[in-house]
Amino acid sequence: MKKLTLFFLSLLVFSLGFQACDDSKTYAEMLEEEKDGINDFIKEKDFKIISQSEFNAQGSTTKSKEKGDDVDEFVQLASGVYMQIVDRGSENEADTVKSNDEVLVRFMEYSILDKDTTLSNLNAAETVDAFRYTVTSSSIAGTFLQGYMMAYYSTAVPAGWLVPLTYVRDRAHVRLIVPSKMGHQTAMQYVYPYYYDIRKYQIWK
């Protein structure tokens, strides 16, 4: 009887252990959860998604309720990033971000899956995030020099943050939906997408 009881206890422990292992998500499942989370967020916010060709046809701009339009448009780029240009910035076409420029950023970060604001320096008058932008023949990159984003224990600027710099100028205002593969270190590790309201890309001169 004792042996039978021991057998069933062992079987129960094994079953619980197997179930715990079975509960862990595969990378493919996490990507699917991320995709569903982004789609739900877009639907909840009633964003209109346009294609790259539509974006190009309307002069590389997007509509925004903040500008008085009747809809908030986001273009889905090849990188997977969704971008809304609220304000392109300076009217001087020469005021673009160039290699080795230091860029100051005011932003809010929102975790799409957690449905919560995770970081923001919008109300921190004494603190602004800053990064160095670099361009080579084969890549673009950004390195944080200071700010809240360094709380993620990495100086690498999320690739998604650099995408808009091709389309905007000094003091631009953009909004982004950044999938994990284009995000910061934590986003990539946990397959988490983030929404950013970047109020200002300011070239420090």
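The structure this text deals with has already been given above.
Being a predicted model, the structure only gives us computed values, none of them experimental.

### Let's talk about the overall build of the protein chain
Link 1 in the chain: A count of helical and extended segments in the protein chain gives five helices and nine strands.
Link 2 in the chain: Listing each helix as α and each strand as β along the protein chain from the N terminus yields α-α-β-α-β-β-β-β-β-β-α-β-α-β.
Link 3 in the chain: In the protein chain, which comprises 205 residues, the share counted as buried stands at 42%.
Link 4 in the chain: Taking contacts inside the protein chain between residues at least 6 apart in sequence as the whole, the part at least 24 apart equals 61%.
Link 5 in the chain: Within the structure as shown, the protein chain displays about 11800 Å² of accessible surface, and the carbon and sulfur contribution to it stands at 53%.

### Remarks on the packing of aromatic side chains
Link 1 in the chain: In this structure the tally under the stated criterion is 11 aromatic pairs.
Link 2 in the chain: Where Phe-41 meets Phe-47, the ring centres are 6.0 Å apart and the plane angle is 75 degrees; that geometry is what we call edge-to-face. When sorted by exposure, Phe-41 lands in the same class as Phe-47, which is buried.
Link 3 in the chain: With a centroid separation of 5.5 Å and 85 degrees between ring planes, the pair formed by Trp-161 and Tyr-196 is classed as edge-to-face. On the criterion of sequence distance, the pair formed by Trp-161 in helix H4 (residues 159-162) and Tyr-196 in strand S9 (residues 194-204) is long-range, its members being 35 residues apart. In this pair, the class of Trp-161 matches that of Tyr-196, namely buried.
Link 4 in the chain: A connected cluster of aromatic rings, assembled from ring pairs, spans Phe-107, Phe-131, Phe-144, Trp-161, Tyr-194 and Tyr-196.

Cut-offs used in this document
Residues numbered from 1 in each chain as written. Predicted model: local features only at pLDDT ≥ 70, side-chain atom pairs only at ≥ 80, totals over all residues. Heavy atoms only, no water. Helix = DSSP H or I, 4+ residues; strand = E, 2+ residues; numbered from the N terminus. Buried < 20%, exposed > 50% of the residue type's maximum accessible area, 1.4 Å probe, protein only. Contact = heavy atoms within 4.5 Å. Areas by Shrake-Rupley, 256 points an atom, 1.4 Å probe, with all protein chains shown as cover. Phe/Tyr/Trp six-rings, centres within 6.5 Å; stacked < 30°, edge-to-face > 60°.

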